[in-house]
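Descriptive structure summary
For reference, the chains in residue letters:
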There are 2 protein chains.
Amino acid sequence: MTVSDPTVGELSEGEILARILARLSPSRALLGPGDDAAVIAAPSGRFVATVDTLVHGPDFRLAWSNGFDLGWKAAAVNLADVAAMGARPTALLVALAMPDATRASFVEHIADGLRAACEALAPGCAVEGGDLTVSDTLVVAVTALGVLDAAAVTRSGARPGDIIAIAGDTGVAARGLDLLFSHFTDASGTPIAISPAALRSLSDEDGTALSRQLRPFPPVALGPAAASAGASAMMDVSDGLVLDASRMAVASTVTLDFDRQCVGDDPLSLSGGEDHALLATFPPSAVLPEGFRAVGAVRDVGAAPVTIDGEPYDGESGWDPYRDWDSARG
Amino acid sequence: MTVSDPTVGELSEGEILARILARLSPSRALLGPGDDAAVIAAPSGRFVATVDTLVHGPDFRLAWSNGFDLGWKAAAVNLADVAAMGARPTALLVALAMPDATRASFVEHIADGLRAACEALAPGCAVEGGDLTVSDTLVVAVTALGVLDAAAVTRSGARPGDIIAIAGDTGVAARGLDLLFSHFTDASGTPIAISPAALRSLSDEDGTALSRQLRPFPPVALGPAAASAGASAMMDVSDGLVLDASRMAVASTVTLDFDRQCVGDDPLSLSGGEDHALLATFPPSAVLPEGFRAVGAVRDVGAAPVTIDGEPYDGESGWDPYRDWDSARG
């Protein structure tokens with residue numbers, strides 16, 4: 001039997017779309033894919049909207065990420081942003097810009113990954129629209145939309161005396177990235193494929209780190225839970241705990257003081273991004289939802305936006321794509 | 001005086017963002033740019049959402065489009081999709097993936113174009129969020145969001161006996177594209193810049209066509225007007241009148257029969273895309289909103305989805321990016 005796996009350049013837009021739609025969950029929206037726009041319910045009269053893009057090179061490598069991983073990650077990073085507002089994700093729109101040599105099976109696997117991430121992280125959320133274009137560089141831009149049962153939780157509501165709490169991992173995905181560069185590159189630093197044998201040779205901890213780098217697992221359901229529990233501020237930790245905490249501190253005009261014994265001193269844990277943990281603050285009287293752990297306290301604004309046991313953090317704080325990405329080095 | 005125009009690779013993400021935000025309209029949303037997600041009102045408890053991507057190469061050339069044109073077009077094509085549902089655009093999210101050699105001024109001009117298009121086509125709509133990434137290929141993915149005062153107008157509601165009507169141009173942007181290839185390429189077919197002298201040498205009609213290709217002017221306000229007037233089906237003509245009409249016909253299980261004396265026989269007008277006219281159907285009793293012109297009638301489904309004076313159209317029907325785009329030819 002011959003298995004046909006054409007390139008997208010050999011198919012019409014309609015044929016590619018049909019292959020994608022066959023892999024996605026049924027629409028949960030008032031009107032799903034197929035018209036000029038999707039129609040989505042917002043029973044509370046307000047909704048949240050965010051977009052995040054994965055670009056081949058800075059954000060993923062095809063030697064390391066298969067289509068499933070890519071679809072999963074593109075969904076997960078956006079679902080985390082919706083959750084960080086205290087909202088429940090309801091719909092994704094997916095813009096795929098692909099070289100015309102891309103295999104149809106790869107596109108189908110992206111669809112599988114999008115679906116699996118929604119089912120695992122945000123049941124009830126589905127891909128409700130999108131766009132296909134030709135591009136020399138593979139780009140996946142996902143818009144995530146969500147509904148709010150209560151007021152949105154912003155970055156700017158942290159108040160002195162509040163408890164700082166985290167849900168989810170910090171530093172695990174960054175450890176996975178280090179593993180990719182140390183174990184899965186050739187002598188010139190070029191990414192090489194991850195063989196099953198190489199995967200088996202990793203420790204359990206390293207295997208988890210690799211998995212979390214390729215398929216992040218943000219605690220999406222804990223976003224609305226934090227909102228219900230009265231969170232005063234919340235955000236997604238995408239660029240590193242200290243860097244993102246400093247953004248919350250500046251937005252709230254406070255200092256965030258972490259307990260060293262809670263956050264440790266592993267630079268990866270303090271500055272590694274891409275886990276998409278939720279960083280939140282709660283009034284002292286709040287009961288933290290299960291899954292959140294207290295890691296410090298909000299103080300009056302001081303000289304440094306973020307301190308650890310009262311001392312400014314002097315390490316690398318996190319990732320800036322324009323400062324840190326060197327396309328020559330890769 | 002030295003005018004500094006750094007590349008985006010020389011700036012931090014925050015610095016680029018600050019330059020963009022300084023050019024945009026003030027937020028009209030419940031919560032605008034700066035948090036994990038925007039918060040947008042949807043008073044009727046439902047909203048529409050769509051995404052469309054412009055990629056350097058297939059969708060625009062930097063020799064022909066400046067940053068302003070690019071921002072304008074990226075907004076306009078998406079605003080048209082919102083309008084085509086009968087909705088009023090309220091917010092854009094803009095994902096910009098740019099080579100790090102991109103000049104900051106170019107990015108600022110994209111922001112200017114986004115703002116100008118919103119102000120001209122959809123007053124009240126503003127950029128409320130986005131994402132910046134590094135990419136070898138310049139990609140602009142815009143998500144447009146809109147609110148519905150009444151039920152959404154889909155492609156599938158056309159009924160035999162309905163009037164077919166169009167608002168906006170057909171074939172003008174395609175004529176502009178032909179002009180670009182015929183007047184503004186060198187002997188090898190490579191795009192060359194449009195000089196002021198060359199622009200002045202164009203006829204008024206050609207100048208308009210060029211302008212409409214680079215900065216489409218869809219009749220966005222007529223989308224909600226059509227919905228209020230009872231439109232039974234509506235869509236945005238992005239890929240060519242006959243091709244898009246055939247999609248509406250298939251979705252509605254009808255045949256769309258155009259009057260030759262209304263639509264003419266210019267192949268550009270029948271198959272040229274990118275004007276983003278609105279194609280709608282109305283019950284025979286409806287009063288067409290000013291700006292719509294009647295061009296035919298909906299018939300019981302026949303052998304061909306689209307006919308002109310009862311005869312199937314035998315020309316090229318429109319544009320398919322995967323069939324029609326040849327990256328070697330450009």
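Residues numbered from 1 in each chain as written. Chains lettered and ligands numbered in written order. Predicted model: local features only at pLDDT ≥ 70, side-chain atom pairs only at ≥ 80, totals over all residues. Heavy atoms only, no water.

This paragraph deals with the overall build of chain A. Counting secondary structure elements, chain A contains 11 helices and 12 strands. Rg of the C-alpha trace for chain A: 20 Å, near the compact-globule value of 20 Å for 330 residues, within the 12% margin. Dimensions of chain A, computed from C-alpha atoms along their principal axes, come out at roughly 65 × 55 × 35 Å. In chain A, the share of contacts with a sequence separation of at least 24, taken over all contacts with a separation of at least 6, comes to 86%. Carbon and sulfur atoms form 52% of the exposed surface of chain A, whose accessible area is close to 12,700 Å². Across chain A, the 21 positively charged side chains and the 43 negatively charged ones have centroids separated by 3 Å. (Helix = DSSP H or I, 4+ residues; strand = E, 2+ residues; numbered from the N terminus. Rg over C-alpha atoms; globule rule 2.2 N^0.38 Å. Contact = heavy atoms within 4.5 Å. Areas by Shrake-Rupley, 256 points an atom, 1.4 Å probe, with all protein chains shown as cover. Lys, Arg positive; Asp, Glu negative; His and termini not counted. Charge placed at Lys NZ, Arg CZ, Asp CG, Glu CD.)

On to the domain arrangement of chain A. Residue and element names in this part refer to chain A. The domain architecture assigned to chain A consists of domain 1 (10–147) and domain 2 (154–330). A separation of 24 Å is found between the C-alpha centroids of domain 1 and domain 2. Of the residues lining the interface, 25 residues belong to domain 1; the matching set on domain 2 comes to 27 residues. Counting the surface lost from both domain 1 and domain 2, the interface buries some 2,100 Å², and carbon and sulfur atoms represent 69% of this. On the domain 1 side of the contact with domain 2, Trp 64, Lys 73 and Leu 121 bury the most area, a combined 31% of that side's loss. Along the contact surface separating domain 1 from domain 2 lie two salt bridges. With a shortest N-O distance of 2.7 Å, Asp 69 and Arg 215 are connected by a salt bridge. Our count for the contact surface shared by domain 1 and domain 2 stands at six residue pairs in polar contact (both at pLDDT 80 or more). Where the side of domain 1 that touches domain 2 is concerned, the elements lending two or more residues are α2 (67–83), β3 (88–98) and α3 (104–121). Top contributing element to the side of domain 1 that touches domain 2 by residue count: α2, with 10 residues. Its residues assigned to classes, the side of domain 1 that touches domain 2 shows 17 nonpolar, three polar and five charged. (Domains from an automatic or database assignment. Buried area = accessible area lost by both parts, 1.4 Å probe. Salt bridge = Lys/Arg side-chain N within 4 Å of Asp/Glu carboxyl O. Polar contact = N/O pair within 3.5 Å; in protein donor to acceptor, adjacent residues only side chain to side chain. Nonpolar A, V, L, I, M, F, W, Y, C, P; charged D, E, K, R; others polar.)

Turning to the interface of chain A and chain B, a few remarks are in order. The interface of chain A with chain B comprises 65 residues on the first partner and 64 residues on the second. A salt bridge links B:Arg155 to A:Asp36; its shortest N-O distance comes to 3.5 Å. Inspection of the chain A/chain B interface yields 17 residue pairs in polar contact (both at pLDDT 80 or more). Contributions of two or more residues to the side of chain A that touches chain B are made by α1 (13–23), β1 (38–41), β2 (46–55), β3, β4 (126–134), β5 (139–147), β7 (233–237) and α11 (321–324) of chain A. Residue contributions to the side of chain A that touches chain B peak at nine residues, all from β2(A). Here β1(A) runs beside strand β2 (residues 46–55) of chain B; their pairing, made up of four bridges, is antiparallel. Bridge pairing links A:Ile40 to B:Phe47 in β2(B). (Pairing = 2+ DSSP bridges.)

Glancing now at the pairing of strand β7 (residues 233–237) of chain B. All names here are of chain B. Of all five residues that make up β7, five are buried, and the element is covered over most of its length. Sheet analysis places β7 next to strand β9 (residues 277–282), joined by five bridges and oriented antiparallel. Within β9, the residue paired with Ala 233 across the bridge is Thr 281. (Buried < 20%, exposed > 50% of the residue type's maximum accessible area, 1.4 Å probe, protein only.)

What follows deals with the packing of aromatic side chains. All names here are of chain A. A full pass over the atoms with the stated rule returns nine aromatic pairs over all chains. A centroid spacing of 5.2 Å and a plane angle of 85° characterise the contact between Trp 64 and Phe 181, whose relative ring orientation is edge-to-face. Placement of Trp 64 in the loop between β2 and α2 and of Phe 181 in helix α4 (residues 172–183) is noted, with a sequence separation of 117 residues between them. The class of Trp 64 is buried, set by a relative accessible area of 7%. (Phe/Tyr/Trp six-rings, centres within 6.5 Å; stacked < 30°, edge-to-face > 60°.)

If you check UniProt for "binding site: Mg(2+) 2" (unreviewed entry), the listed places come out as A:Asp52 and A:Asp81 in our numbering. A stretch of 30 residues holds the annotated residues, and the largest C-alpha distance among them is 8.9 Å, short enough that they meet in one place. With respect to the element layout, A:Asp52 can be found in strand β2. In this structure, A:Asp52 is in contact with A:Val77, A:Asn78, A:Asp81, A:Val140, A:Ala141, A:Val142 and B:Asp131, ignoring residues within four places of it in sequence. Assignment of secondary structure puts A:Asp81 in helix α2. Of the residues examined, A:Asp81 reaches a relative accessible area of 6% and is grouped as buried. Setting aside its immediate chain neighbours within four residues, A:Asp81 contacts A:Thr50, A:Asp52, A:Asp236, B:Asp36 and B:Ala37. (UniProt positions renumbered as here; feature names shortened; annotations may be inferred.)

Our next topic: the sheet that holds β4(A). Across the sheet, five strands lie side by side as β4(A)-β3(A)-β5(A)-β2(A)-β1(B); this open sheet has mixed pairing. Every other strand in the sheet has two partners, leaving β4 of chain A together with β1 (38–41) of chain B as the edge strands with one partner each. Ignoring which end each strand starts from, the neighbouring axes of this sheet average 20° apart. For β3(A) and β5(A), the ladder comprises nine bridges, and the chain directions are antiparallel. Its bridge partner lying in β5(A), A:Leu92 is registered against A:Ala144. Against the sheet, α2(A) engages β2, β3 and β5 of chain A, with an angle of about 145° to β2(A). (Axes fitted to C-alpha atoms, helices over the stretch in contact; angles between N-to-C directions.)

We now examine the environment of B:Asp257. Residues and elements named next belong to chain B. Its place among the elements puts Asp 257 in strand β8 (residues 254–258). The class for Asp 257 is buried, based on a relative accessible area of 6%. Counting along the chain gives 12 residues from Asp 257 to Ala 245, while the straight-line C-alpha distance between them is 9.5 Å. A polar contact of 2.6 Å, which involves the side chain of Asp 257, links it to the side chain of Thr 307.

All names here are of chain B. At Thr 253, a residue that is not glycine, the phi angle is positive and equals roughly 55°. One can find Thr 253 in the loop between α8 (241–252) and β8. Here Asp 309, not a glycine, exhibits a phi torsion of approximately 50°, which is positive.

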